[in-house]
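This is what each chain is made of:
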Amino acid sequence: MTSTPVTLDIDGLLSRTPTVRRRLDLSRPVPRPLLAECLQLALHAPNGGNRQSWHFVVIDDPATKAGIARYYKSASDAYLATTSSAAMSEKAVAGVRYLADHLHQVPALVLAGIRGRLPRDAPLAKQSSFFGSVYPALWSFMLAARSRELGAALTTVHLAHEREVAELVGIPADEFTQVALVAVGYTTGGSGFRPTPRQPLDEVVSWNGWQS
């Protein structure tokens, strides 16, 4: 299947690929060939040592989604119960709650993992390389999805129940570490998104030394 991407230049795509939770169309299935297109592009992402030690589990089976959603809901409720109002806006909290309540209805979930497991005392450089070998591919997947009129939300909340989710979907948990879960679907309210609001550049960038 070859789809017709949304007409956006690269700058438009990079600035208009937000986390989509409440605008996911829960009633419209996403064809597997379309998800495969996005994942094929994701495999071109850079990764540590070009080992390509990632693995992606695409889940569209209703019963399996429901099982993951139960663990996600439990972890999400616990997370929000300990999150201060200063850490997240009301809008963000509402989005997290919505996704937790509706994850079982999302058309497709993409579970990303990487071969191996880090020891608890792994040095920071090892941790960064390990998880950083998957995130570029996940971002590439989300950009490819956005260009095909899909929306996506990347989350790590379910990792509070990583072993249970691994057992549910048959991941060999001693050999692979889950990194993130991406909820994917078509979007409601039209295909367009405004540029995502962000802090002014000079508040987050320093030159030749740290400046707060």
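Everything below is about the structure shown above.
It should be emphasised that the depicted structure is a prediction, and the values quoted were computed from it without experimental measurement.

With respect to the nonpolar core
Inside soluble globular proteins, nonpolar side chains tend to come together where they are buried.
Logical step 1: Core analysis: the largest hydrophobic core is formed by 28 residues, its most contacted members being F56, V110, L138, F141, L150, V182 and V184.
Logical step 2: For this core, the secondary structure elements donating two or more residues are helix 2 (32-42), strand 1 (54-59), strand 2 (108-115), helix 6 (135-147), strand 3 (150-155) and strand 4 (176-186).
Logical step 3: Among the elements that line this core, the one with the most residues is helix 6, at 6 residues.
Logical step 4: Setting aside residues up to four positions removed in sequence, V184 forms contacts with L24, V30, L35, V106, P107, A108, V110, F141, L150 and G151.
Logical step 5: In terms of nonpolar packing, the next biggest core, distinct from the first, is built from 23 residues, V20, L99, L109 and V157 among them.

Some thoughts on the pattern of salt bridges
Logical step 1: Here the structure, examined in full by the defined rule, presents 6 salt bridges.
Logical step 2: A salt bridge links E37 to R148, with the nearest nitrogen and oxygen atoms 2.8 Å apart. Placement of the pair is E37 in helix 2 and R148 in the loop between helix 6 and strand 3, with a sequence separation of 111 residues.
Logical step 3: By relative accessible area, which is 13% here, E37 ends up buried.
Logical step 4: For R163, the salt bridge identified is with D174, shortest N-O distance 2.9 Å. Placement of R163 in helix 7 (residues 162-169) and of D174 in the loop between helix 7 and strand 4 is noted, with a sequence separation of 11 residues between them.
Logical step 5: Owing to a relative accessible area of 62%, D174 belongs among the exposed residues under this scheme.

Parameters and conventions
- Residues numbered from 1 in each chain as written.
- Predicted model: local features only at pLDDT ≥ 70, side-chain atom pairs only at ≥ 80, totals over all residues.
- Heavy atoms only, no water.
- Core = buried A, V, L, I, M, F, W, Y, C linked by side-chain atoms within 4.5 Å.
- Buried < 20%, exposed > 50% of the residue type's maximum accessible area, 1.4 Å probe, protein only.
- Helix = DSSP H or I, 4+ residues; strand = E, 2+ residues; numbered from the N terminus.
- Contact = heavy atoms within 4.5 Å.
- Salt bridge = Lys/Arg side-chain N within 4 Å of Asp/Glu carboxyl O.

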